[in-house]
Amino acid sequence: MPSLKVPVSWLRDYVDVSVSSDEIAERLHMAGMEVDHVERTWDWDKIWVARITALERHPNADKLLLATVDYGDGRTRQVVTGAPNLAVGAIVPYAEVGAAYKDAHNDGTMAVLEPKKMRGIMSEGMVMSALELGIGPDHEGILLLDPQAPVGARLRDVLGETVIQFEIAPNRPDALSLTGIAREAAAILGTPYRAPAMEPLPHRLDPSLLVVRIEDDDACPRFTAAYLTGVRMGTSPAWMQQRLIAAGMRPISNVVDITNYVMLEIGQPLHAYDAERLRGRALVARLARAGEAVRTLDGVDRILRASDLVIADEERVLGLAGIMGGEDSEIREGTTEVALEAASFEPRRTRRTTDAHGLGGSGGSAAARRFALDLSPELPPLGLARAVHLLRELAGATVVGAVDVYPRPRQVPNVKLRFSDIGRVLGAEVGRDEAVDALRRLGFAYAELGDQLVVTPPAIRTDIGIPEDIVEEVARIVGYDTIPTRLPTGVLPLHERHPLERMRERVRDALVGFGLQETISYALIDEAWLRRLTPDGSPLAPEPLRVTNPTSAQQEIVRPTLRASLLDTASRNMKHRKGLAIFEIDPVYLPRPGDLPEERWTVGVVLCGLAEPVREGETWLTPERVFEVSDLQGVIDGLHRATRSGRGTPEVGAPGLHPGRSWRLVDGARDAVVAGQLDPRVAEMWELPPATFVAEVDLALLLASVRPNAALTPPRYPAAWRDLAFVVDDATAWRDVETDIRAAGAKGGLEDVALRDLYRGAQVPAGKKSFAVRLTFRSPAGTLSDADVDRAVAKIEARLLHRFGATIRAS
Amino acid sequence: MSIVANDLADMATRAESEIAAAADEAALDALRVRYVGRREGEITKALKTLPSLPAAERPAFGAAANAARERIESALERRGGELRASALERDIAGAAADLTLPPRRVRVGRYHPISRTIREITRIFAGMGFEAVEGPEVEWDYYNFEALNIPPGHPARDKFSTLWVNAEGSMEVALAATGTGGRAVAEPSRRQPMLLRTHTSPMQIRVMEQRRPPVRVVVPGRCYRFEATDATHESVFFQYEGLAIDEQLSMADLKGVLYSFARQIFGSERKVRFRPDYFPFTEPSAEIAFDCFVCDGSGTTNAGRCATCGGSGWIEAAGCGMVHPEALRRVGYDPSQVQGFAFGGGVERLAMLLTGTPDIRLFHQNDLRYLESV
Ligand SMILES: [Zn+2]
């Protein structure tokens, strides 16, 4: 947002500020002129305007005086001072004990004033030099104040320059000036606004002195100029320099300072040319031609683009319109004839040209920053008249003539609204009188036609066009704090949250419930990370989206996978811990030709290092145990059970993971789940231990695999249990065994199969293993008899023998 | 009474004394089997002799057997109770556990402060009838800017330093980086360049395009800016956006909703401030702030200037306003029939305040030592 520094003493030129600087800042802020901060020399919190009422010699020291000060309301104190310039009746700054000041005897560092005995006499405070106040170098004597200054006032209200720094909204370039803020302040305070003195301009100009021409009136809607003679270049007066400095500008010369001063005061940037250097005595606003170049004031030779608006004379380009002048035509020592330009330029073109030539930003051209906004074409004649006035007063100039080229004057809108619109939009009762008073204070013209109101904003306001704008203006002045608060009534729109988002929250709850820590990482990642997901660097994910103007190479890729981020998080944390269990739920971004990318919500999990004990080193109950692939299986299984989801049969192996300790669950053409131990070579690249386990779950597929809720009534009849142990080939997969047991036992009332033990070793032949299972039987129709269960077990045993050649060990 | 029946009574007496002397549950079980076991117990054995007795003696014998069984069973029960009671007493009198020893710890899962805060936000707004919806993070320029009255070259674009995306085969975005500001400005060579959304406001347009009034939604989501990162700024961050459209909505309703939100999040004693602001897509526009709960709005703490509010006494919570009629028209709503309000605020800001997190970068660093502390 454009910022503006407003020295309050300068503001007082145009409006009587009857309240403190803090209060006017607060009230402007609350009316929409955002105050960033208020700055002062310093607070001068306990420093007062005081009168010397008595002065006598210090009894014990020749060079010291005892001064009695009166600082209002009958408050008097005696201070000891060595100042040579005091007299009874002098008005001076007096600092109470506790005041902050610059210690002249200690390189001007800040100190807090304490009561002090000087040669046996207590000094109750101090009278201050300019140095001690921090407003100048002088420490020879006490700063003598204006004899009219009110005794008892705080010094800061009399002397202290208070600068209010505003951040002006980009739709209010009219307020980006001292007079703009003054108009706002006058409207808020209900006091008159005083316009600065303007020079009446003659509306004629001898073409042999200066010709002004607009070649593109879209790019340059208005061009006013004045021709001045007898200009005496020099320095500007101290008061102007001080104001410029306070407002953040550097004084240069009287003519340049006046153009800057008027820019700050009126809001209209100006440019002064050495008129004798204009070839053909012309100022022409036109688009640049192919191959044209100009050396701008900053000494840079610039090749112009055909879309750049320039100011030229009859032969060459003089400068970039509204952005920066050229070296050739610049005023300089010895210039006496000045052509002064005040013009309007189309903001978007100005902005493009500014950016193209690298003149934007806070370090760029101050004029360009203003011309990038929709400045009113009513401003140029005001700026010109004010500048001519100051040039006459401060540079001895005589105005010979002026010209105003304005081919298609901009219409000021008439906004029609009903009084009832104000109440409708604000939800507040604003009286008719109150509303028109607010508009009147802001300088709006209006006509009332029954309930209708026709409003014409001041010509310099370019932000007003619709009834809501008028409502806002009224509300700003009446005060937003007068708007009541209530909760909306009416019909509640009923929509359900998107099922995917509900699923996501259920998954989040489940994983937190499992004891995993949630993480959220940058969605923009380093491209190098993508090459560290497989042992050979081959890509895991499709070609990703790229940020064309990344803030850094580390944030160039719009991530197509969560895995890299999770491994990075794990890696950084494993530098200071031995185990972790984390998850993240976020979209990955998969490009689609000609369309926005698919944002595919993914659940990522990493288990790494020590699983137990939960607290590192605390092994007295729980021996150390590293995560195993079964832990990750447990998380995925838990996720499926918690959400009643999951379908299909996993395949062994997945890219970037351990080929024998990973799996993927394919659903249609997509991976529903990819999980397993990280390929140990990949783990090494991330400086992670081999016991690193990763899972990625496609949230949409998880949702798609949700089974309907099947409420279970607790069974009425008791269950029966049988234990069974049998020997099979070592290569036999448990899943196959379980599937067959369930199939064989289904008719006999088999309810569940639990794996009790897996044994390899001396008790079974080489190349074999033993499974011990517990079988649960139950019938919904009645209690099963021993004979029923025995029959069912026999069937299961027969199936195991038939399918797996199993040897029954015990039952 | 017959001799046989007397024998039964004697047996019961003997059993009672043996039971009373049983030292533990196992001894008691053995006695139970011996005397009243269903197959081989003494009572069962005695009853087996019943058929051999003269008919006249049978009733008396049966009655004696039952009486003996009852005596034995009640003795068993009594002794069993005594044994259990004394076992419990022994256990109670046993060695106390050292409760100061570390427990068998459970793994405690935690939500990330951002997701926790987003839940809190959506929960509060849900209570006021706002449904949570979400939208794309990679967006068209149209939704992020143009439909929100921010055409190319609009000065409001300065506020949104944009990260542009160049998707293969989608479009070209010509970039001209400025020399000094470091800000890149896109000159779209096609109508719709693609970008990383700079705010959640594009969802205002998307929701209105998809729904007819009444509308009440809150939109949490990730946003992106070309921004240097420091303790209070992130290039990737989260916002929440609110939108309500109906026949009779006003600034007063907006104020009420946001007041209610601020108080539900930070307590009912919070004061709320509402002041004019500027957004191209709302008119009138406002900013809502609540008084700082660290310094109670004074701007100073014992340590000097309040770090939480920067000394202003106020914490800016959200930008808001009445939806601009032009935006309504653009989605086919009739501004003379419906109006509404919108608001948007930063999630991190709230999360920092709620958790006491001093530096916004902690959220994305994912240092578990931090995450486990909040
Ligand atoms: Zn505070």
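Residues numbered from 1 in each chain as written. Chains lettered and ligands numbered in written order. Predicted model: local features only at pLDDT ≥ 70, side-chain atom pairs only at ≥ 80, totals over all residues. Heavy atoms only, no water.

*Asks:* So what exactly am I meant to see when it comes to the overall build of chain A here?
*Replies:* For chain A, the count of helices and strands is 21 helices and 41 strands. For a compact globule of 811 residues, the expected C-alpha radius of gyration is about 28 Å, and chain A comes in at 42 Å, more than 25% above that figure. For chain A, the spread of C-alpha atoms along the three principal axes comes to 120 × 80 × 65 Å. For chain A, the share of sequence-separated contacts (at least 6 apart) that also reach a separation of at least 24 residues comes to 70%. (Helix = DSSP H or I, 4+ residues; strand = E, 2+ residues; numbered from the N terminus. Rg over C-alpha atoms; globule rule 2.2 N^0.38 Å. Contact = heavy atoms within 4.5 Å.)

*Asks:* Could you clarify how one ought to interpret helix H20 (residues 734–745) of chain A in this entry?
*Replies:* Because the α-helix completes a turn every 3.6 residues, residues three or four places apart line up on one side. Taking 1.5 Å per residue, twelve residues should reach 16 Å; H20 of chain A reaches 16 Å between its end C-alpha atoms and fits that length. Considering only its buried residues, H20 of chain A is in contact with strand E38 (720–729), strand E39 (750–759), strand E40 (768–777) and helix H21 (786–804) of chain A. (Expected span 1.5 Å × (residues − 1).)

*Asks:* Teacher, can you tell me more about empty space enclosed by the protein here?
*Replies:* In this approach a probe as big as a water molecule rolls over the atoms, and the regions it shows empty are the leftover space. Counted under the stated rule, the structure contains five cavities of 30 Å³ or more. Forming the boundary of the largest cavity are 19 residues, of which Gly32, Ala169 and Arg172 of chain A together with Asp277 and Tyr278 of chain B lie nearest the centre. For the lining of the largest cavity, the elements supplying multiple residues, two or more each, are helix H13 (467–478) of chain A together with strand E9 (272–276) of chain B. In terms of residues, the lining of the largest cavity owes the most to one element, H13 of chain A, which gives three residues. (1 Å grid on protein atoms, 1.4 Å probe; cavity = no way out; pocket = protein on both sides within 12 Å on 5 of 7 lines; lining within 4 Å. Points joined across faces, edges and corners; volume = space filled by probe spheres on them.)

*Asks:* Looking at this structure, how should I read the nonpolar core?
*Replies:* Considering soluble globular proteins, one finds that nonpolar side chains tend to be buried as a cluster. Ranked by size, the top nonpolar core spans 186 residues in total, and within it Phe166, Phe223 and Leu283 of chain A together with Phe125 and Phe343 of chain B carry the most contacts. At ten residues, helix H8 (residues 251–266) of chain B tops the list of elements feeding residues into this core. Non-local contacts of Phe166 of chain A, meaning those with residues more than four positions away in its chain, are made with Pro2, Ser3, Leu4, Val6, Leu28, Met33, Glu34, Val35, Asp36 and Ile181 of chain A. In this structure, Val547 of chain A together with Phe145, Leu196 and Val331 of chain B belong to the second largest nonpolar core, which totals 44 residues. (Core = buried A, V, L, I, M, F, W, Y, C linked by side-chain atoms within 4.5 Å. Buried < 20%, exposed > 50% of the residue type's maximum accessible area, 1.4 Å probe, protein only.)

*Asks:* Even after reading the chapter, I still don't get the interface of chain B and chain A, so can you show me in this structure?
*Replies:* How big an interface is tends to be expressed through the accessible area that disappears when the partners come together. Chain B puts 101 residues into the contact, and the matching count from chain A is 99 residues. Surface buried jointly by chain B and chain A totals about 8500 Å² across both partners, of which 55% is contributed by carbon and sulfur atoms. Taken together, the connections running from chain B to chain A amount to eight salt bridges. Among the salt bridges present, the one from Arg577 of chain A reaches Glu372 of chain B, with a minimum N-O distance of 3.0 Å. Applying the counting rule to chain B against chain A returns 43 residue pairs in polar contact (both at pLDDT 80 or more). The element best represented in the side of chain B that touches chain A is H8 of chain B, accounting for eight residues. Pairing geometry for strand E29 (residues 545–547) of chain A and strand E3 (residues 163–166) of chain B, over two bridges, is antiparallel. (Buried area = accessible area lost by both parts, 1.4 Å probe. Salt bridge = Lys/Arg side-chain N within 4 Å of Asp/Glu carboxyl O. Polar contact = N/O pair within 3.5 Å; in protein donor to acceptor, adjacent residues only side chain to side chain. Pairing = 2+ DSSP bridges.)

*Asks:* Would you mind showing me how to read a nonpolar patch on the surface here?
*Replies:* Together, Ile135, Val158 and Leu159 of chain A make up a nonpolar patch on the protein surface, roughly 200 Å² of accessible area in all. Its location among the elements puts Ile135 of chain A in the loop between helix H3 (130–133) and helix H4 (155–158). (Patch = residues over 30% accessible without salt bridge, like charges linked within 9 Å, V, L, I, M, F, W, Y side chains within 5 Å. Areas by Shrake-Rupley, 256 points an atom, 1.4 Å probe, with all protein chains shown as cover.)

*Asks:* What is the right way to read the coordination of the zinc ion from this model?
*Replies:* Where a metal carries four tetrahedral donors, each ideal angle is 109.5 degrees; where it carries six octahedral donors, the ideal angles are 90 or 180 degrees. The protein atoms donating to the zinc ion are Cys292 of chain B (SG), Cys295 of chain B (SG), Cys306 of chain B (SG) and Cys309 of chain B (SG), with metal-donor distances spanning 2.2 to 2.3 Å. Taken together, the four donor atoms coordinating the zinc ion and their angles of 104 to 115 degrees define a geometry best described as tetrahedral. (Donors = N, O, S within 2.8 Å, 3.2 Å for Na, K, Ca; no water. Tetrahedral: all angles 85-135°; square planar, octahedral: opposite > 155°, others 65-115°.)

*Asks:* Just checking my understanding: could you explain the packing of helix H12 (residues 432–441) of chain A against H13 of chain A for this structure?
*Replies:* A pair of packed helices is captured by two measures, namely the crossing angle of their axes and the spacing between those axes. Residue and element names in this part refer to chain A. Between H12 and H13, the least distance of the axes is 9 Å, while the angle of their chain directions is 90 degrees. It follows that H12 is roughly perpendicular to H13 by the angle criterion. Residues Glu434, Ala435, Ala438, Leu439 and Arg441 of H12 pack against Ile470, Glu473, Val474, Ile477 and Val478 of H13. Its residues placed into classes, the contact of H12 with H13 shows seven nonpolar, no polar and three charged. (Axes fitted to C-alpha atoms, helices over the stretch in contact; angles between N-to-C directions. Parallel < 35°, antiparallel > 145°, perpendicular 65-115°, else oblique. Nonpolar A, V, L, I, M, F, W, Y, C, P; charged D, E, K, R; others polar.)

*Asks:* What am I meant to see in the pairing of strand E4 (residues 65–70) of chain A here?
*Replies:* Looking down a regular strand, the side chains alternate between one sheet face and the other. Residues and elements named next belong to chain A. Counted residue by residue, E4 has six buried out of six residues, so it is predominantly covered. Residues Leu65, Ala67 and Val69 of E4 are buried on one face, and the alternating residues Leu66, Thr68 and Asp70, pointing to the opposite face, are buried as well. One ladder, built from six bridges, connects strand E3 (residues 47–57) with E4; its direction is antiparallel. Looking across to E4, one finds that Arg57 is bridged to Leu65. With six bridges joining them, E4 and strand E5 (residues 76–81) adopt antiparallel strand pairing. Looking at the pairing, Thr68 lines up with Gln78 of E5.

*Asks:* Honestly, the pairing of strand E14 (residues 339–346) of chain B in this entry has me stumped. Any pointers?
*Replies:* Residue and element names in this part refer to chain B. Burial analysis of E14 places seven of its eight residues in the buried class, which makes it a mostly covered element. Relative to E14, strand E8 (residues 236–246) runs antiparallel, the two being bridged by eight bridges. Across the sheet, residue Leu243 finds its bridge partner in E14, namely Ala342. Here strand E13 (residues 314–323) pairs with E14 via five bridges, running antiparallel. Bridge pairing in E14 places Cys320 opposite Phe343.

*Asks:* How should the side chain of Thr259 of chain A be read in this particular structure?
*Replies:* In this structure, Thr259 of chain A sits in helix H7 (residues 254–266). Residues within four places of Thr259 of chain A in sequence aside, it is in contact with Leu270, Ala272 and Leu340 of chain A.

*Asks:* Got a minute to help me understand the confidence of the model for chain B in this structure?
*Replies:* Detailed conclusions should not be drawn from predicted coordinates in areas where pLDDT is low. Model confidence for chain B is summarised by a mean pLDDT of 88, while 92% of its residues fall at 70 or above. Interface confidence for the predicted complex, given as ipTM, is 0.85, next to a pTM of 0.84. (pLDDT = per-residue confidence, 0-100.)

*Asks:* Would you explain the pattern of salt bridges in this entry?
*Replies:* When the charged atoms of two side chains with opposite charge come close together, those side chains can pair. Enumeration according to the criterion identifies 94 salt bridges over all chains in this entry. The salt bridge involving Asp308 of chain A is made with Arg305 of chain A; its shortest N-O contact spans 3.1 Å. The exposure class assigned to Asp308 of chain A is buried, which follows from its relative accessible area of 0%. A salt bridge links Arg497 of chain A to Glu501 of chain A, with the nearest nitrogen and oxygen atoms 3.1 Å apart. Across the pair, Glu501 of chain A and Arg497 of chain A agree in class, each one buried. Residues joined in a network through salt bridges with shared partners are Arg497, Glu501, Arg504, Glu505, Arg508, Asp509 and Glu518 of chain A together with Arg119 and Glu134 of chain B.

*Asks:* In this structure, what is going on with the sheet that holds strand E2 (residues 138–140) of chain B? I would like to understand it.
*Replies:* In a beta sheet, neighbouring strands are held together by backbone hydrogen bonds and run either parallel or antiparallel to one another. In space, the six strands of this open sheet follow the order E28(A)-E30(A)-E29(A)-E3(B)-E6(B)-E2(B), with antiparallel pairing throughout. Strand pairing shows two members of the sheet lacking a second neighbour, strand E28 (524–525) of chain A together with E2 of chain B, which therefore form its edges. By the bridge criterion, three bridges tie E2 of chain B to strand E6 (residues 194–196) of chain B in an arrangement that is antiparallel. Bridge assignment links Trp140 of chain B to a residue of E6 of chain B, and that residue is Met194 of chain B.

*Asks:* Just to check I follow, could you spell out the packing of aromatic side chains for this structure?
*Replies:* This structure, assessed with the given rule, holds 22 aromatic pairs over all chains. With a centroid separation of 5.1 Å and 80 degrees between ring planes, the pair formed by Tyr142 of chain B and Tyr143 of chain B is classed as edge-to-face. Tyr143 of chain B carries the same exposure label as Tyr142 of chain B, and that label is buried. Through a chain of ring-to-ring contacts, three or more aromatic side chains come together here, namely Phe125, Phe130, Tyr240, Phe261, Phe341 and Phe343 of chain B. The ring of Trp48 of chain A carries Arg75 of chain A above its face, with NZ or CZ at 4.6 Å from the centroid. In this structure, Arg532 of chain A is placed above the aromatic ring of Trp686 of chain A, and the distance from its NZ or CZ to the ring centre is 4.1 Å. (Phe/Tyr/Trp six-rings, centres within 6.5 Å; stacked < 30°, edge-to-face > 60°. Lys NZ or Arg CZ within 6 Å of the ring centre and 35° of its normal.)

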